[in-house]
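As a plain string of letters, each chain reads:
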Amino acid sequence: MHTTGPSRVVFGAGTLPRVREEVGRLDGSRVLLLSDGSPALRKDTERLREALGDLVVAEFDGAAMHTPVEVTEQALSLVRDRRADCLVAIGGGSTTGLAKALAVRTDLPQVIVPTTYAGSEVTPVLGETVDGRKVTRSSPAILPETVVYDVELTLGLPVAMSVTSGVNALAHVVEALYSPDATPVTDAMALEAAAAIARALPALHDDPSDLEARAELLQAAWLAGTCLGAVGMGLHHKLCHTLGGAFGLPHADTHTVVLPHAMAYNAPAAPEAMDRIARALGVPDAPTGVFDLICRVGGPTSLRGLGMAEADLDRAAELATAQPYPNPRELTRRGLADLLGDAWHGRRPQ
Ligand code: NAD
């Protein structure tokens, strides 16, 4: 079974001014503009505000990682006080998360302007933090109506963040290829995205202003996000969710460190998917190929380097096996402890 969500995508370079027209298509005339207040995005947020002009009735710049409900409630009171009828968000997955959290509570339409490669803008999934616990839900009301990708907005994303965010996208396609829900449509998107990521990451590492590489990676992020929204994910995403939620590790960096190890764990049970990934990446072996790609572009390779304590590895293995979920290979506490040990030390997978 394959279902495609009803979302509209505008993709290009210099598309930011088109957001106004897209708000109009959704019959919006009272916009709440959302951002995370980061200085790195201030200029682009100003340009967006100018482009929207008199449509903006309120602004909220407090979006935060993992979408805490307290933050959502503050923004919600602005929606009500200012009678906003459309949400426009500019930023990474954290700002998109806030727009989704507001949309699911108000049914307001969303126009998302992504500035990273996380892919949340094309999924009907929302992860929120309630009393320190991350809770995930999925609903058609969460899927943004419109996405405006402007490649130029990603030019300022520092190389280190571009690398980890790009590997976050790669993780979506790897797990889509061995998902029990995979379809010919998600397979095609995933393989196209994997090849594009393998080409674009070294290119933009060597020249961060390479607009073609940026465009290729942003397009791959769109495809990868669509896979993430369409099929269930396995061990890798659950493990990163656990490490982020329980130990406060940064989202995209954690994905980057864990991916080659989660792939090595699953490889014996998903040989066909691994062969297809290896071919798309142009390498003989998928898990080591991904590890080498991350090294080539200077990405993080160890959980130790991300600040995780070795003493927490056991608890992480226990948490990650606490609830069963679909995965190509059976999950054992021992197997996960070994995987996490390798990831903590930053060893090249065997
Ligand atoms: P983020 O949105 O937290 O952004 C990270 C940092 O990068 C922030 O400081 C931000 O201001 C800065 N930044 C963003 N774009 C920039 C740019 N172009 N130039 C310079 N700085 C920039 O990080 P993220 O990795 O995009 O998103 C992570 C969050 O998204 C997590 O909470 C994760 O759970 C969620 N997520 C959700 C889904 C989903 O489908 N629900 C999918 C992927 C990620």
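Residues numbered from 1 in each chain as written. Predicted model: local features only at pLDDT ≥ 70, side-chain atom pairs only at ≥ 80, totals over all residues.

## Details of the domain arrangement of the chain
The assigned domain composition of the chain is domain 1 (8-154) and domain 2 (159-345). Placing a centre on the C-alpha atoms of domain 1 and another on those of domain 2 gives a separation of 26 Å. The interface is formed by 19 residues belonging to domain 1 together with 21 residues belonging to domain 2. Where the side of domain 1 that touches domain 2 is concerned, the elements lending two or more residues are β1 (8-12) and β7 (133-138). In the side of domain 1 that touches domain 2, the residues fall into eleven nonpolar, five polar and three charged. (Domains from an automatic or database assignment. Contact = placed C-beta atoms within 7 Å. Helix = DSSP H or I, 4+ residues; strand = E, 2+ residues; numbered from the N terminus. Nonpolar A, V, L, I, M, F, W, Y, C, P; charged D, E, K, R; others polar.)

## Brief notes about the site of the ligand
Around the ligand, a shell composed of 30 residues is seen, among which Ser38, Gly92, Gly93, Thr116 and Ser120 lie nearest. Every element with two or more residues in the shell around the ligand is listed here: α4 (93-106), β6 (125-130), α5 (159-177) and α9 (251-266). Per element, the largest residue contribution to the shell around the ligand is four residues, and it comes from α4. Partitioned by chemical class, the residues of the shell around the ligand number eleven nonpolar, 18 polar and one charged. Counting only domains with at least three residues in the shell around the ligand, you end up with domain 1 (8-154) and domain 2 (159-345). (Near = placed C-beta within 6 Å.)

## Concerning helix α13 (residues 333-345)
Under the 1.5 Å per step criterion, the end-to-end length of α13 is 18 Å for 13 residues, consistent within 8% with the ideal 18 Å. All buried positions along α13 are accounted for by Leu336, Leu339, Leu340, Asp342, Ala343 and Trp344. Summarising the contacts, the buried residues of α13 are in contact with α9 and α12 (313-321). Residue glycine 346 follows α13 closely and has a positive phi angle near 80°. (Expected span 1.5 Å × (residues − 1). Buried ≥ 20, exposed ≤ 12 C-beta atoms within 10 Å, placed from the backbone.)

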